[in-house]
Every structure is written in structure tokens, then in C-alpha cells.
Amino acid sequence: MDTVQTSKIVGSTTTPALAGAWHRIATIAGNTFREAVRDRVLYNLVLFVLILTGAAVFIGELSGGQERKIIVDLGLSAMLLFGVFIAIFVGVGLVYKEIERRTVYAIFSKPVGRGEFLLGKYLGLCLTLLVNVAVMGAGVSLALIYVSRGWDPLALSIWPAILLIYVELMILTGVALLFSSFSSPALSALLTFFVFIIGHFSADLKSLANSMGGSAARWLFAALYYLLPNLANLSFITPAAHGQLPAAQHVAVVVLYSLVYIVVILAAATMIFSRRNFK
Amino acid sequence: MNYRGSIRDGALLLTLVIGLASVVGLSRWLDSYRPPTDSKIEEEQLYLNGTTAKRISLGFNGLAADWYWMRSLQYVGRKIIGVPENIPIDSLGQLNLKLLAPLLDTATTLDPQFMEPYQYAAVVLPDIDLQQAIRLTKKGIAANPSAWRLYQHLGYIYWQQRDFQAAGEAYDQGSKLPGAPPWMEAMKAKMAAEGGSRDLAREIYSRMYEQASNVKVKEMARKRLLQVDSLDQRDGLRKVLSAYQSRMGRCPSSWKEIEPGLRALRMELDSTGAPLDPAGTAYVLVNAGCDVDVDPKSVVPYR
């Protein structure tokens, strides 16, 4: 983070405390977004467009008339996969890069809280992912309109599934940030990827907990089930490809669950990061 | 750029061109000398069953189902390419497609709402493995209890096996579901009254042709409709041949000899006077002119 931007995040001492904190967080978030754009993170959109264009043009020959379903499956799966890679590889470097470049000293010499710094970094990457997901979603909708040679209801009905993908990426970004607040980027990336995998096996963890004979093992797996994010709840790609919409109540509860989970992760990350010694 | 730099760039460009040309050449050599694929390996059972594949798909199960679905189509397509005849896809029993049922099963386990594999199973599988065809269709019904089309597929399988009672029951059950068209209800009565008739076959294939989104299934239904029409035409032709034989005491040596009879049938004739089948190919005289059949080159299926 350069000096000019660092000076921006300090804020005025006359501003009320909360407004000042939000101003600093927003500045850090904006700067993180700009940094991601400068790092060419959004270049993945080009690859995504190429995949989608290829699918739209060629998949009709291979799919036996199922190109609409396959475009939704392929488009939303690629959106999730690319998003996971960005959340993991950019997320784990958010804090590390600042420490490595020693810009963190300049930031914390000003009245910027460590929690504000982490939250700003988190929201900045979430903004990057939002732009990414929105552009990709628009790409899938356009591809559907192209293969249907006109308006296709799927172009609109896939958006709740896209929202859930974005919420899943928000969780993973939080997890990446949590791990990066106390470990190296490589280990953080590995651990976050494990969380992504285990998060989709949540149902198995629960059934494993129920089938365990010993109470200690049962408690362990039950604890893991509740401790790790249940990402299977956010998986709605396959039904979306059939034009199904998730129940509004389900979406509301899942989003609420995710927001609570993110708050918990960020609180934990702040606790760890606040105790970290940069000397 | 100095002289040495130009030399270096030129050498690198040359290396690039020669390297790429060598890669193309070596790949072509490898392709031409590659030993034929072992049929045992080609037909090896799938490593993953549907349940395991779904578990490890990490939320990408829809995409995995698409992949298995396209693999099913490629598997059938590869086998059909190796066969010289123009076989309709509902008569592929001789091709030993033993991987088709597991592939379709995996696709539908990964995405139980994926309707296309169920229809493909109902049309293609009965000639290969009837029990698997019924099992897959019933699996689809269990996963999609409000999908009347799956009952249509089940009815079709039973009708093909001439089990008209079971077929009628399947159509009847499907007709009670919301959104089912009125003809589903009529099918039950038709199955009981005229199960083996051509009119019913015509209706079944017409409905299939109208609703199929798969090009191959649509094409099969179209060919079967041509076949039903052709069977009607051949009945008429046999009557003309039989009348000629009774009158002359021998069978005709060419279509020209029975041209008046053919004109009475109002059939289209080609320049040699041979009647044309519904696909526009001339019929051929067989059994020394005593019987008629479709030309093997015709689109109208033999079986």
C-alpha cells in the first residue's frame, strides 16, 4: 500500500469514532480492490468468456440437445471454481504481502485498528469477487440467450444460485484470511482448500458423528460438523440448471447462517492478528 | 537491436519452428503406430458408482452428470460408427453396449432431475438390457414423482415388450399427474383394445417425435413412423402381387408388369415403375418377385 493511500485511511480526528472507522475500512477495501485489479486478478474473466463461448458454440454437437443445461452447469461451476481460486490465492496473500513489503508498519503507525485493517482487506476482496461473479453471471445469461436464439427464462432464474455461489466465496475468503493471520501463504492455501472440500462433505460428517459408537468420537465429529462451514447448503447449481428456484426462506436462512459464520471467522482472525508481533 | 541480438532471436525462432514441426511429426508417428485399444480395457466397468461420484463431486455434480451423459452419447456414437448399417438407436442390442446402463445410471444418480438420460435409457436400453431400462425409468419416477413423461417412457418400454397391460397402467398412472396431456389417459384404453396395432404404434411414435429433445431419439421416432407407413404400403403391394400371381400363375419379374395395380394403390413410382417407400427409395422385389421388401439402402428400418 503506497504512502498516499495510507494517509487516506487515517481519517479525521474530529469525525465520530464509528464513522471514522467505517471510512478507514472503506478506504482499505477500495485500495485492496484496486490492488487486485492491478494484479490482473480479473483476467480470469477472459478465460471464463473463452470457456463459455466455446461451450455455447460447440456443446450443442456433443450434448444431444442439452446445451442450455450444460451451459448453466459449466458456467456456474467455472464461476465457483475460479472464485475459489481467487478467494484462496488472493485471500491468503492479503495480510502476508503487507507484512512482507513492510507496509504494515506504515499503516499501524497511524490510528488504524488491526480489526479495521482485516475487515477492510476482507471487504476489498469480496468486492473483487462480486465484480467477478456479476460479470460471469451476465456472461452465462448472455450465453443462454445466444443458444436459445432469444429470451430464455433460465437467464434470470440462475441468479439466486449465483448469489449462493457468491456467499460461499465470501465464507472461503474469510477462512483464507483467518489462516493467513497466523500461518504462511502456502499452508493457508492448503488449509482453506481442505475447508472447501470438507465443507462439501458436511452431511457425511454428521452421519459419521451419528454412527460412531464412542461418545468422544461422536462429539469430535459433531463438533467438526458445526465448526466447519456447511458449504453443501450453498450448492444450488444443479437444480438451477433445471430452472428451479430455491425457496426464499431457505436462501434467507442460509445467507444469515453464512453472515454469522463470517462474523465469527473475522472475529477469530482479528483476535489472532491483534496478538501478532511484527518485529 | 544489435547484430548478436538478432542472431539470438533468429535462432530462437528457428528452434521454435523446428521444435513445433518435430512435435507434429512425432505425434503423427505415435498416432499411426499406436497399438489398437484392448477391448477389455475399453469395456472396463466404471471405477466409480454414482453415489461415490456424487459424494466426491464437491457440488459440481451437475457438471459431472453432464460429463457422464456426453460420455454415454460418445460411447454409443463410437459403436455405431463401427457398424456399416443404418441402425435405429432402439435396435442396438448386437453392439454389446454393456457400459451404457452404468453410464446412464451414474449420470442420473449425480443429477436425478436430469430427464434426458431417462428417455435415452427407455429408448436405447431395452434392446440391450431390458431390466436395466425398466429399473432406470422407475428410478427416475421415484426421484421425480410428478414427471408424467417418465410414465410415458415406462409405458413405451412395456408396449415394446408387448406387455400391454403394464403399459396401459403406466400411461394411466402418468395421466393422473398434473400437466399430463389428455392423450395419456386415452392410451390406457387403446393399450387394452388395440395393443399391437399399427395405429397405436403410429400414435406412440408421433408423441415421441413431438416431445423428444434429443436429435437421435427424434430421428428414431421419425424412422419408426416411416416404417409403420411402409408396413401399410407393403401390405397393399403384397395384395397386388398375390392377385397377379393368381391371375398369371407366376410372380412378376419386374414392377412394370404390375404397374396398373400399383397405380390403383395411388403409390408414387420412380422412372422404372418401382413403387417408392415413404422415404423416397424404391421397394425391391424379393423371393423371385413373389414378395416385396425395403431396399437396404433406404432410411426405412428393416427391423
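Worth saying up front: this structure is predicted, and the values here are computed from it rather than measured.

A. Local environment of the overall build of chain A. Within chain A one finds 14 helices and zero strands. Taken from N to C terminus, the helices and strands of chain A fall in the order α-α-α-α-α-α-α-α-α-α-α-α-α-α. Taking 279 residues into account, the globule formula puts the C-alpha radius of gyration at 19 Å, and chain A, at 21 Å, falls close to it. Taken over the C-alpha atoms alone, chain A extends approximately 65 × 55 × 35 Å along its principal axes. Counting only residues that meet the buried cut, chain A has 49% of its 279 residues in that class. Long-range pairs, those at least 24 residues apart, make up 79% of the contacts in chain A with a sequence separation of at least 6.

B. Seen up close, the nonpolar core. Counting 80 residues, the largest nonpolar core has Leu76(A), Met79(A), Val140(A), Ile158(A) and Ile171(A) as the members making the most contacts within it. Of all the elements, helix 9 (residues 159–180) of chain A adds the most residues to this core, at 15 residues. Listed in part, the 66 residues of the second largest apolar core include Leu136(B), Tyr151(B), Tyr156(B) and Ile157(B).

C. Geometry of the interface of chain B and chain A. In this assembly, 19 residues from chain B lie in contact with 23 residues from chain A. Taken over both partners, the interface formed by chain B and chain A buries close to 1,800 Å², and the fraction arising from carbon and sulfur atoms is 63%. Summed over the shared surface of chain B and chain A, the result is two salt bridges. Salt-bridge contacts for Asp66(B) lead to Lys69(A); the nearest nitrogen and oxygen are separated by 2.8 Å.

D. Structural context of helix 9 of chain A. With 22 residues, helix 9 of chain A extends 31 Å from end C-alpha to end C-alpha; this agrees with the ideal 32 Å at 1.5 Å per step. With 19 of its 22 residues buried, helix 9 of chain A lies for the most part within the structure.

E. Highlighting the layout of surface pockets. Of the volumes computed, that of the largest pocket is approximately 640 Å³. Gln66(A), His242(A), Met115(B), Glu116(B) and Ser213(B) are, among the 25 residues lining the largest pocket, the residues nearest its centre. Contributions of two or more residues to the lining of the largest pocket are made by helix 4 (67–91) of chain A together with helix 6 (115–124), helix 8 (148–160) and helix 11 (198–211) of chain B. Broken down by element, the lining of the largest pocket gets its largest block of residues, four residues, from helix 8 of chain B.

F. Seen up close, the packing of aromatic side chains. This model, assessed by the stated rule, comprises 17 aromatic pairs over all chains. For the ring pair Phe179(A) and Phe182(A), a centre distance of 6.1 Å and an interplane angle of 70° mean the geometry is edge-to-face. On the basis of relative accessibility, which here comes to 44%, the residue Phe182(A) falls in the partly exposed class. When the ring of Trp148(B) is compared with that of Trp183(B), the centres are 6.1 Å apart and the planes differ by 80°; the resulting orientation is edge-to-face. Remark: Trp183(B) occurs in helix 10 (residues 182–194) and Trp148(B) occurs in helix 8; sequence separation between them is 35 residues.

G. Molecular detail of the pattern of salt bridges. In total, this model carries 31 salt bridges over all chains according to the counting rule given. Notably, a salt bridge pairs Asp152(A) with Arg68(A), separated by 2.6 Å at the nearest N-O pair. One end of the pair, Asp152(A), is in the loop between helix 7 (114–147) and helix 8 (154–157); the other, Arg68(A), is in helix 4, and 84 residues separate them in sequence. When salt bridges with common partners are traced through the structure, they connect Arg198(B), Asp199(B), Arg202(B), Asp229(B), Asp232(B), Asp235(B), Arg238(B) and Asp291(B) into a single cluster.

H. Local environment of the state of the cysteines. All names here are of chain B. Taken as a whole and assessed by the stated rule, the structure comprises one disulfide over all chains. One disulfide in the model links Cys-251 with Cys-290; its S-S distance is 1.9 Å. In this structure the cystine formed by Cys-251 and Cys-290 twists about its S-S bond by roughly 95°; its chirality is therefore right-handed. Residue Cys-251 is found in the loop between helix 12 (215–248) and helix 13 (259–264), and its partner Cys-290 is found in the loop between strand 1 (284–286) and strand 2 (291–293); the two are separated by 39 residues along the sequence. Accessibility expressed as a relative area gives 13% for Cys-251, which makes it buried. Classification of Cys-290 as partly exposed rests on a relative accessible area of 32%.

I. Molecular detail of a nonpolar patch on the surface. Where nonpolar side chains cluster on the molecular surface, the patch consists of Leu187(A), Leu190(A), Phe193(A), Phe194(A) and Ile198(A) and spans about 410 Å² of accessible area. In this fold, Leu187(A) is placed in helix 10 (residues 185–199).

J. Main features of unusual backbone geometry. Look at Arg149(A): it is not a glycine, yet its phi comes out positive at around 55°. Take Arg149(A): it is sitting in the loop between helix 7 and helix 8. Classification of Arg149(A) by relative accessible area gives exposed; the value is 67%. One non-glycine residue with positive phi stands out, namely Asn96(B), at about 55°. Looking at where Asn96(B) falls in the secondary structure, it is placed in the loop between helix 4 (61–81) and helix 5 (100–110). The exposure class assigned to Asn96(B) is partly exposed, which follows from its relative accessible area of 45%.

K. Quick peek at the confidence of the model for chain B. Confidence along chain B averages 87 in pLDDT terms, with 96% of residues attaining 70 or more. Overall fold confidence for the complex sits at a pTM of 0.77, while the interface term, ipTM, reaches 0.76.

Reading the values: the criteria
- In this numbering scheme, every chain counts its residues from 1 along its sequence in written order.
- Here every chain gets a letter starting at A, and every ligand a number starting at 1, in the order they are written.
- At least 70 in pLDDT is required for a residue's local features to be given in this predicted model, at least 80 for side-chain atom pairs to be given and counted, and no such filter applies to totals for whole chains, interfaces and linings, which use all residues.
- The side-chain values count all of the structure's non-hydrogen atoms but skip hydrogen atoms and water molecules.
- Per the convention used, a helix needs a DSSP run of H or I reaching at least four residues, while a strand needs a run of E reaching at least two, with both numbered from the N terminus.
- Based on C-alpha atoms, the radius of gyration is set beside the globule rule, defined as 2.2 Å times the residue count to the power 0.38.
- Only protein chains enter the calculation, and the probe is 1.4 Å; a residue is then buried if its accessible area is under 20% of its type maximum, exposed if over 50%, and partly exposed in between.
- Any two residues having at least one pair of non-hydrogen atoms within 4.5 Å are treated as being in contact.
- By nonpolar core is meant a set of buried Ala, Val, Leu, Ile, Met, Phe, Trp, Tyr and Cys residues that side-chain atoms within 4.5 Å join together.
- In short, buried area is how much 1.4 Å probe accessible area vanishes from two parts on joining, totalled over both.
- A pair is scored as a salt bridge if a Lys or Arg side-chain nitrogen falls within 4 Å of a carboxyl oxygen belonging to Asp or Glu.
- Expected helix span is computed as 1.5 Å times (number of residues minus one).
- Buriedness for pockets is judged along seven lines, at least five of which must meet protein on both sides within 12 Å for an open set on the 1 Å grid over protein atoms alone, while cavities are sets there where a 1.4 Å probe fits but cannot get out, and lining residues have an atom within 4 Å of a point.
- Grid points are joined across faces, edges and corners, and a volume is the space filled by probe spheres set on the points.
- Here a Phe, Tyr or Trp ring, Trp counted by its six-membered ring, pairs with any other such ring whose centre lies within 6.5 Å, and the pair is stacked when the planes are under 30 degrees apart, edge-to-face when over 60, and tilted otherwise.
- When the sulfur atoms of two cysteines come within 2.5 Å, that pair is taken as a disulfide.
- Think of a patch as exposed residues, more than 30% relative accessible area, with no salt bridge, where like charges cluster within 9 Å and nonpolar side chains (Val, Leu, Ile, Met, Phe, Trp, Tyr) cluster within 5 Å.
- Here the Shrake-Rupley method, with its probe set to 1.4 Å, supplies the accessible areas, and only the displayed protein chains count as covering residues.
- What pLDDT expresses is the predictor's confidence in each residue, scored from 0 to 100.

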